[in-house]
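What follows is the residue order along each chain.
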Amino acid sequence: MPVNPRRIRALRKESHDSHASQSSGPVIYWMSRDQRVRDNWALLYAGELARKRGCPLAVAFCLAPGFLGATEVQYRFMLQGLSEVADDLSARNIPFILLRGDPREEISRLIEEQDACALVCDFSPLRDSLECKSHVAQIIEIAFYEVDAHNIIPCWLASQKQEWAAYSFRPKVHRLLFEFLEEFPALPENGAEKNAADDLAESSPKAFKEDGSAAIDWQEALDWPAAEEMPDAKLIAPGERAAFRQLDHFLKQGLAGYDKDRNDPNISGQSALSSYLHFGQISAQRVALEAARSGIDAGAFLEELVVRRELSDNYCYYNQHYDDVQGFPAWALRSLDEHSGDRREYLYSLPELEKAATHDDLWNAAQQEMLKSGKMHGYLRMYWAKKILEWTATPAAAQAAAIYLNDRYELDGRDPNGYAGIAWSIGGLHDRAWKERAIYGKVRYMSYSGAKRKFDVQAYIDRWSP
Ligand SMILES: Cc1cc2nc3c(=O)[nH]c(=O)nc-3n(C[C@H](O)[C@H](O)[C@H](O)COP(=O)(O)OP(=O)(O)OC[C@H]3O[C@@H](n4cnc5c(N)ncnc54)[C@H](O)[C@@H]3O)c2cc1C
């Protein structure tokens, strides 16, 4: 079954006078956001193109240093996942090429070196990624296609404009799910083109050593702080296999109680899939298909996984101010501005916030949960960001601090969900106006006493306080 052509768009058409049509080199899938072999529309399309052209398929990934403030913790999680990708591709005789440096230069150099005939990439709505692909599209001569392998409905099709809120986005999504929430075909291995693929594997830089460790000195090469500077984080296991184990566990143990338990940070009531989804180690479409087939009422979960998650991509794609206050809705920006002179009872610096050194033991415990596990509970993320608004001089400073901490310490950070979640908490994005109060203006407020009514706050503090 061919990939639905509506998932694909051309970033660069092949020029008739280019030598690409005579090229004997591979179709290259430039893997970026979707770091998996199973259930990957971009990889499937690249394979389809390679078969049509009778040439081999290769996959390249470019490690860029200092990506949005990510630390060694996130790189390690990602690299271990990529090592599985390399193995799974190798089992299908598909070479995996690990590049390092600026993707704009590395990808175009690879295309030239390998005499590639076409390039396929996956999709991200984030600025750096869009700019990088647009740059590559301008300097290469071969056909270049983008496939949204992250969203169930391609972001540019789900809606052609920034949506106000879930209520305006939901009907559009539901209409298109019928077409796009389909089963994935299997990925065939490199077949008749095997010899060419072998040659390519021989000539390409080795990604991993025999024991699975990265064959490059990534710690030194990438611009991140030394490991000992990082908190002693106890992280979930990385990779595609671990992601499927977690999905299986959630479907059996968590989905039935999701609606009731997800807002209690003392219960593992959420799916804990966000880090796998962020790195593309599992496909949201696979998760949605399995949840829908489980025979359990998955409505509340699918609302988060599909509508809310894809709404975040919609926000980042259509609003270039997704990470500054200009991205907030006008009513919220005006209201926050009117309260900019309100007295702040507490003012904390970024290092004080980072060290979880505020007067609020619940906030400190949430910050500690993030530092120690790489994942703060979803309910507390809202409280955490709103309190930063209360304790910093301006909404812009609050947003910048929240983004810095979220991107640096959450395994699932540097994600559209993070930028949208922070803009929701601090700037009323996708929300409505609430009763006016100091500092927050009409932006929704959350309180310690409100949290106490929802769950056992003391048990949570006892669990996460040092
Ligand atoms: C201030 C703030 C910061 C956030 N930062 C991030 C972030 O950096 N990365 C991230 O993935 N999510 C972020 N979220 C959204 C949400 O809190 C997390 O996705 C969720 O807690 C992850 O846990 P889970 O996978 O167990 O979620 P589940 O409740 O099991 O949900 C399943 C999936 O649905 C999606 N989802 C759930 N809630 C939301 C939501 N509110 N908005 C959009 N998608 C959602 C996620 O992909 C999630 O993995 C943030 C929310 C807030 C308020």
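Residues numbered from 1 in each chain as written. Predicted model: local features only at pLDDT ≥ 70, side-chain atom pairs only at ≥ 80, totals over all residues. Heavy atoms only, no water.

Examining the nonpolar core
Logical step 1: In this structure, Val27, Phe96 and Val120 are the most contacted members of the largest nonpolar core, which totals 75 residues.
Logical step 2: Element by element, the count of residues in this core is highest for helix α2 (residues 72-91), at nine residues.
Logical step 3: Three or more residues apiece are contributed to this core by two domains, here domain 1 (1-150) and domain 2 (151-185 + 239-318).
Logical step 4: Grouped together as the second largest cluster of nonpolar side chains are 47 residues, Tyr379, Ala385, Ala398 and Val457 included. (Core = buried A, V, L, I, M, F, W, Y, C linked by side-chain atoms within 4.5 Å. Buried < 20%, exposed > 50% of the residue type's maximum accessible area, 1.4 Å probe, protein only. Helix = DSSP H or I, 4+ residues; strand = E, 2+ residues; numbered from the N terminus. Domains from an automatic or database assignment.)

Digging into the packing of helix α12 (residues 284-293) against helix α13 (residues 299-318)
Logical step 1: Taken N-terminus to C-terminus, the directions of α12 and α13 make an angle of 150 degrees; their axes are 10 Å apart at the nearest point. What the angle tells us is that α12 and α13 run roughly antiparallel. Remark: the crossing between α12 and α13 carries left-handed chirality. Within the contact between the two elements, α12 uses Ala284, Val287, Ala288 and Ala291 and α13 uses Phe301, Leu302, Leu305, Val306 and Arg309. (Axes fitted to C-alpha atoms, helices over the stretch in contact; angles between N-to-C directions. Parallel < 35°, antiparallel > 145°, perpendicular 65-115°, else oblique. Left-handed = near helix turned anticlockwise from the far one by under 90°. Contact = heavy atoms within 4.5 Å.)

Considerations on the pairing of strand β5 (residues 118-122)
Logical step 1: Burial runs high along β5: five of the five residues are buried.
Logical step 2: Burial along β5 is two-sided: the residues Ala118, Val120 and Asp122 and Leu119 and Cys121 are all buried.
Logical step 3: The parallel pair β5 and strand β6 (residues 143-147) is bridged by helix α4 (residues 127-139), and the resulting crossover is right-handed. (Right-handed = clockwise from strand over helix to strand, strands pointing away.)

So, the environment of Gly413
Logical step 1: Looking at the element boundaries, Gly413 is found in the loop between α18 (395-409) and α19 (416-427).
Logical step 2: With 344 residues separating them along the chain, Gly413 and Gly69 place their C-alpha atoms 9.8 Å apart.
Logical step 3: Residue contacts for Gly413: discarding those within four places in its chain leaves His278, Asn406 and Asp407.

Focus on the packing of aromatic side chains
Logical step 1: By the definition in use, this model includes 19 aromatic pairs.
Logical step 2: Where Tyr45 meets Tyr145, the ring centres are 5.6 Å apart and the plane angle is 85 degrees; that geometry is what we call edge-to-face. Taken together, the residues span a long stretch of sequence, with Tyr45 in helix α1 (residues 41-53) and Tyr145 in strand β6 at a distance of 100 residues.
Logical step 3: For Tyr45, a relative accessible area of 8% puts it in the buried group. (Phe/Tyr/Trp six-rings, centres within 6.5 Å; stacked < 30°, edge-to-face > 60°.)

Structural notes on the sheet that holds β5
Logical step 1: The mixed open sheet is built from six strands, whose spatial order is β1-β6-β5-β2-β3-β4. Pairing within the sheet leaves two strands with one partner each, and these edge strands are β1 (8-12) and β4 (96-100). Mean inter-strand twist for the sheet, computed between neighbouring axes without regard to direction, equals 25 degrees.
Logical step 2: Summarising the sheet, strand β2 (residues 27-31) and β5 pair through four bridges and their orientation is parallel. When the sheet's bridge partners are listed, Val27 is paired in β5 with Ala118.
Logical step 3: Contacts between α4 and the sheet are confined to β1, β2, β5 and β6, with β6 contributing the most and set at about 160 degrees to the helix. (Pairing = 2+ DSSP bridges.)

Brief notes about the confidence of the model for the chain
Logical step 1: On average, residues of the chain score 91 in pLDDT, and 88% of them are at 70 or above.
Logical step 2: Every residue in residues 221-229 is under pLDDT 50, and counting partners more than four places away or in other chains gives 18 contacts. (pLDDT = per-residue confidence, 0-100.)

Comments concerning the site of the ligand
Logical step 1: Close contacts around the ligand come from 27 residues, with Tyr258, Ser271, Ala272, Ser274 and Asn406 the closest.
Logical step 2: Between the ligand and Ser271, the relevant distance is 2.6 Å, taken from an oxygen atom to a side-chain nitrogen or oxygen of the residue.
Logical step 3: With the chains in place, 92% of the 820 Å² that the ligand exposes on its own is no longer accessible.
Logical step 4: For the shell around the ligand, the secondary structure elements donating two or more residues are α11 (274-278), α13, α17 (378-390) and α19.
Logical step 5: Considering each element in turn, the shell around the ligand owes the most residues, six residues, to α13.
Logical step 6: Taken together, the residues of the shell around the ligand break down into nine nonpolar, 11 polar and seven charged. (Near = heavy atom within 4 Å. Polar contact = N/O pair within 3.5 Å; in protein donor to acceptor, adjacent residues only side chain to side chain. Areas by Shrake-Rupley, 256 points an atom, 1.4 Å probe, with all protein chains shown as cover. Nonpolar A, V, L, I, M, F, W, Y, C, P; charged D, E, K, R; others polar.)

Regarding the pattern of salt bridges
Logical step 1: This model, assessed by the stated rule, comprises 30 salt bridges.
Logical step 2: Of the charged contacts in the structure, one is a salt bridge between Lys172 and Glu163, with a shortest N-O distance of 2.7 Å.
Logical step 3: We classify Glu163 as buried; its relative accessible area is 1%.
Logical step 4: Across the salt bridge formed by Glu304 and Arg262, the nearest N and O atoms sit 3.0 Å from each other. Here Glu304 is found in helix α13, whereas its partner Arg262 is found in the loop between α10 (258-261) and α11, with 42 residues between them in sequence.
Logical step 5: The class of Arg262 is buried, set by a relative accessible area of 18%. (Salt bridge = Lys/Arg side-chain N within 4 Å of Asp/Glu carboxyl O.)

Quick notes on α4
Logical step 1: Along its 13 residues, α4 runs 19 Å from first to last C-alpha, staying within 8% of the 18 Å computed at 1.5 Å per residue.
Logical step 2: By the burial criterion, the buried members of α4 are Ser129, Cys132, Lys133, Val136 and Ala137. Take α4 and look down its axis: the buried residues cluster within an arc of 135 degrees, on one side only. (Expected span 1.5 Å × (residues − 1). Arc of directions from axis to C-beta.)

Regarding the environment of Trp391
Logical step 1: You can see Trp391 is positioned in the loop between α17 and α18.
Logical step 2: For Trp391, a relative accessible area of 2% translates into the label buried.
Logical step 3: Leaving out residues up to four positions away in the same chain, Trp391 has contacts with Tyr346, Leu347, Tyr348, Leu353, Thr358, His359, Asp360 and Trp363.

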